[in-house]
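# Architecture and fold: a report
Listed here are the chains, written in short residue letters.
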Amino acid sequence: MIAQTTYPFQLPELPYAYEALEPYIDRETMHFHHDKHLKTYVDNLNKALEPYSQYHSWTLEQLLSRLSELPEGLQKAVRNNGGGVYNHDLYFDLMTPGDQPVAEKVAEAFGGADNFKKEMKAAALGQFGSGFAWLVKDASGSLKVIALPNQDNPLSQGLTPVLPLDVWEHAYYLKYQNLRGDYIDSWFHVVNWKAVEEALKD
Ligand code: MN
């Protein structure tokens, strides 16, 4: 995962073919989303960090967790572009073809798989403008659903990111236009729950 790597950050490859998530997420959207949007976040993060050599040894996870310690001139760029890199890398990584049942731990924490989906969808629909809905783990280890604007990352709030759902229009507009709810329903069909379960093991 790119979270454990350092400057200069590299554009990660998609872990599946561009059309692999069809019909839920289309090939063209994946091309724009990965090749253009994510690439721009990677390039802009590297550009912003270039003059700050004292942070070239920090992993992306460290940069986002310790955002408030960064100099003013760098903080916003890392928040937006560093978040953009981390959030997209995890979003792409945690999708896969083939419907999988919601991870047991998650279903348990929310009183059933359907309740989890309801909460995640409500958070995703309720995010006004651009942002993500997140399944996160708090300091006590409890799972919860939150929404964060723009490319803000849960690490900057002391939370552990588990599963992101991108609800920026660029994530769905080509196929779903204004129907964010339909895109969210489709996304539930491609969540890589096995990988989520693996991440929740420790
Ligand atoms: Mn996006």
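Above: the structure in question.
We now turn to the structure provided with this report. The structure presented is a predicted model; accordingly, all values stated were derived computationally and were not measured. (Residues numbered from 1 in each chain as written. Predicted model: local features only at pLDDT ≥ 70, side-chain atom pairs only at ≥ 80, totals over all residues. Heavy atoms only, no water.)

As a further point, take the sheet that holds strand S2 (residues 143-149). Taken in spatial order, the 3 strands make up an open sheet running S2-S1-S3, and their pairing is antiparallel. Every other strand in the sheet has two partners, leaving S2 and strand S3 (160-166) as the edge strands with one partner each. Direction aside, neighbouring strands of the sheet carry axes that sit 25° apart on average. Across 7 bridges, the pairing between strand S1 (residues 131-137) and S2 is antiparallel. Bridge assignment links Leu135 to a residue of S2, and that residue is Val145. (Pairing = 2+ DSSP bridges. Helix = DSSP H or I, 4+ residues; strand = E, 2+ residues; numbered from the N terminus. Axes fitted to C-alpha atoms, helices over the stretch in contact; angles between N-to-C directions.)

To continue, consider the packing of aromatic side chains. Evaluation of the coordinates by the stated rule reveals 8 aromatic pairs. The structure contains a cluster of three or more aromatic residues connected by ring pairs, namely Phe110, Phe116 and Trp193. (Phe/Tyr/Trp six-rings, centres within 6.5 Å; stacked < 30°, edge-to-face > 60°.)

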